[in-house]
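Examination of the molecular architecture
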Amino acid sequence: HRAVARRFGRQSGLAFLTLSLVQFHPLFYGSRTLPNTFGVLASSLATAAWLEGRHQAALSTLTVGTVIFRFDLLLLLAPLTLLVAARRQLPLATIAATGIGSGAAALLPTLLLDSLLWRRPLWPEGEVLLANTVGNMSANYGTSPAGWYFYSALPRALSLAYPLALASLPLVPRAREYVGVALCFVALYSLLPHKELRFILYAAPLLNAGAAAALAHLFARLPPRNAKTAGRRTAAVLGRAAIAASLAGSLALACCFTAAARLNYPGAHALLALHASSPPRGTRGPRVHVGVEAAISGVSRFLELPPPWQYSKAEGLAPAQLTRFSHLLTGANDDATRDLPGFELAHVERGFTRVAMRPPFLLTEPKINVLRRRKEGAVGRAAAAATEGDYFL
């Protein structure tokens, strides 16, 4: 926010800080150890450098982030490089030297370290690039319409800052380049069929900077509260009230997203319920198989307990191969394991499904089943959990 304050003024810096604090998704992903999170750090540092006129530092930072963390940062680096070159803010030779030098300096350590860890020659981001572009493997995880980022992802990620960023284009000429590059990045990314909100969070710092400049501009145009005429005093009060209400609405929306996100990891909650209900006995501990639905909804190595607990995420196992496990975490709608011989239902974990306009506002449905090896004469339980648990917000 200091860079925004230096570029647009102190009020814009405060507006940038306020808008960032009432957004859910940037803060949420900031708590996760994803490559996208580190990519956002690179884009934030590059945005600050650009705002302060340090164009070479901005290009170098984005280049390093592209090579090490997320190659899709290239879609942000490319329009920025073209803009810097077109405005002759750096000589072409300097731009080329910065890109080659920073790229090579970043490529060497990632090649050495990742090849050592994976025990084969490997550049992770290069492999991901080939898989998602040439192989189009990301499309296997679903596709979205071309404009999804603009009409769905950005409004949810930025809330109030999104319309303000668009308003900055006519209101604040100095903000146009920052918002324009960010929108160009999102448009380029929209060409990829598979879309996720986290992919375009690199644009958030730039769009928030433009939004902050627009908000400060609008606030500065409000009449003073002690204006001479009643009409201007009324406009002063209503204008400030509208800004405060909009910020409060963004904060309320962030709270709603937080409540929904809490219900969005049924796999993790199911594993924690299993840990609490099945303490190990003797030296032979529980052997847990984690299905795909549980693995993509919160189960990670951070939740695993030390031996004698044993875990497996092996995919494609036949029902007969699952009998070597004592517990299974499966999808609630997985027909292959629903009536698996030798197992009984021990727990049903519900997860978020949609928002309703009347109580209970956050609706849930069964997402993960915890199955355990059936003992002689044992009867399955927890079926009642399949019809309970909707949350009132």
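Here the structure is a predicted model, which means the values were calculated and not measured.

**Some words on helix α4 (residues 35-51)**
Compared with an ideal rise of 1.5 Å per residue, which puts 17 residues at 24 Å, α4 spans 24 Å between its outermost C-alpha atoms and is within 8% of the ideal. On the buried face of α4, the contacting elements are α1 (2-8), α3 (25-30), α5 (55-68), α6 (74-86), α11 (176-189) and α12 (204-220). Looking at the residues trailing α4, positive phi occurs at Gly 53, about 85 degrees.

**Some details on the packing of helix α10 (residues 161-171) against α11**
Two numbers describe how α10 lies on α11: the axes approach to 9 Å, and their chain directions differ by 135 degrees. Put simply, α10 runs oblique to α11. In terms of crossing hand, the pair formed by α10 and α11 is left-handed. Contacts between α10 and α11 involve Ala 165, Leu 166, Ser 168, Leu 169 and Pro 170 on the former and, on the latter, Arg 176, Val 179 and Leu 183. Residues that form the contact of α10 with α11 fall into these classes: 6 nonpolar, 1 polar and 1 charged.

**Here's the deal with the pattern of salt bridges**
It is possible for side chains bearing opposite charge to pair when their charged atoms get close. Taken as a whole and assessed by the stated rule, the structure comprises 10 salt bridges. Between Arg 7 and Glu 177 there is a salt bridge whose closest N-O contact spans 3.9 Å. Here Glu 177 lies in helix α11 and Arg 7 lies in helix α1, a separation of 170 residues in the sequence. The exposure class of Arg 7 is partly exposed, given its relative accessible area of 23%.

**Quick look at the pairing of strand β3 (residues 327-331)**
Across the 5 residues that make up β3, a large majority, 5, are buried. In terms of strand pairing, strand β1 (residues 287-290) meets β3 through 3 bridges, oriented parallel. Looking across to β3, one finds that Val 288 is bridged to His 327.

**Focus on the packing of aromatic side chains**
Tallied over the entire structure, the rule returns 13 aromatic pairs. The rings of Trp 148, Tyr 149, Phe 185, Tyr 189, Phe 199 and Tyr 202 are connected pair by pair, giving a single aromatic cluster. For the cation-ring pair, Arg 7 lies above Phe 8, with the distance from its terminal atom to the ring centre recorded as 5.6 Å. In this structure, Arg 373 is placed above the aromatic ring of Phe 343, and the distance from its NZ or CZ to the ring centre is 5.7 Å.

**What about the sheet that holds strand β5 (residues 362-373)?**
Across the sheet, 5 strands lie side by side as β2-β1-β3-β5-β4; this open sheet has mixed pairing. Both outer strands of the open sheet, β2 (310-312) and β4 (343-355), are each paired with one neighbouring strand and no more. Ignoring strand direction, the axes of neighbouring strands in this sheet form an average angle of 20 degrees. Two elements, β4 and β5, share 11 bridges in a ladder whose sense is antiparallel. The residue bridging Phe 343 from the neighbouring strand is Arg 373, located in β5.

**Looking at the confidence of the model for the chain**
On average, residues of the chain score 90 in pLDDT, and 95% of them are at 70 or above. Mean pLDDT across the elements of the chain ranges from a minimum in helix α16 (residues 335-338), with 78, to a maximum in α10, with 97. A low-confidence stretch, residues 376-388 stays under pLDDT 50, and its non-local contacts, those more than four residues away or across chains, total 20 contacts.

**Section: the nonpolar core**
One recurring pattern in soluble globular proteins: nonpolar side chains tend to sit buried together. Counting residues in each nonpolar core, the largest one holds 67 residues, and the members touching the most others are Leu 19 and Leu 207. Dropping the residues within four chain positions of it, Leu 207 is found in contact with Leu 154, Leu 158, Ala 165, Val 179, Ala 182 and Leu 183. Judged by nonpolar contacts, the second largest core, of 12 residues, contains Ala 270, Leu 271, Val 290 and Trp 309.

**Some remarks on a nonpolar patch on the surface**
A cluster of nonpolar side chains, contributed by Leu 113, Leu 117 and Trp 118, occupies part of the molecular surface with about 370 Å² of accessible area. Inspection of the secondary structure assignment puts Leu 113 in helix α7 (residues 92-118).

**Quick word on the state of the cysteines**
Here is the idea: a disulfide is a covalent bond, and it sits between the sulfur atoms of two cysteines. By the definition in use, this model includes 0 disulfides. Not engaged in a disulfide, the cysteine Cys 255 finds its nearest cysteine sulfur in Cys 256; these two sulfurs lie 7.0 Å apart.

**Comments concerning the environment of Ala 318**
Within the element layout of this structure, Ala 318 appears in the loop between β2 and β3. The exposure class assigned to Ala 318 is partly exposed, which follows from its relative accessible area of 33%.

**Section: unusual backbone geometry**
Residues Pro 307 and Pro 308 are joined by a peptide bond in cis, for which omega reads 20 degrees. With respect to the helices and strands, the residue Pro 308 is situated in the loop between α15 (292-295) and β2. Cis geometry marks the peptide bond from Pro 359 to Pro 360, where omega comes out at -10 degrees. With respect to the element layout, Pro 360 can be found in the loop between β4 and β5. One non-glycine residue, Arg 88, lies in positive phi territory at about 55 degrees. The topology assignment puts Arg 88 in the loop between α6 and α7. Residue Arg 88 is classed as exposed on the basis of its relative accessible area of 75%. Phi at Ser 159 is positive, roughly 50 degrees, even though this residue is not glycine.

Calculation rules
Residues numbered from 1 in each chain as written. Predicted model: local features only at pLDDT ≥ 70, side-chain atom pairs only at ≥ 80, totals over all residues. Heavy atoms only, no water. Helix = DSSP H or I, 4+ residues; strand = E, 2+ residues; numbered from the N terminus. Expected span 1.5 Å × (residues − 1). Contact = heavy atoms within 4.5 Å. Axes fitted to C-alpha atoms, helices over the stretch in contact; angles between N-to-C directions. Parallel < 35°, antiparallel > 145°, perpendicular 65-115°, else oblique. Left-handed = near helix turned anticlockwise from the far one by under 90°. Nonpolar A, V, L, I, M, F, W, Y, C, P; charged D, E, K, R; others polar. Salt bridge = Lys/Arg side-chain N within 4 Å of Asp/Glu carboxyl O. Buried < 20%, exposed > 50% of the residue type's maximum accessible area, 1.4 Å probe, protein only. Pairing = 2+ DSSP bridges. Phe/Tyr/Trp six-rings, centres within 6.5 Å; stacked < 30°, edge-to-face > 60°. Lys NZ or Arg CZ within 6 Å of the ring centre and 35° of its normal. pLDDT = per-residue confidence, 0-100. Core = buried A, V, L, I, M, F, W, Y, C linked by side-chain atoms within 4.5 Å. Patch = residues over 30% accessible without salt bridge, like charges linked within 9 Å, V, L, I, M, F, W, Y side chains within 5 Å. Areas by Shrake-Rupley, 256 points an atom, 1.4 Å probe, with all protein chains shown as cover. Disulfide = S-S within 2.5 Å.

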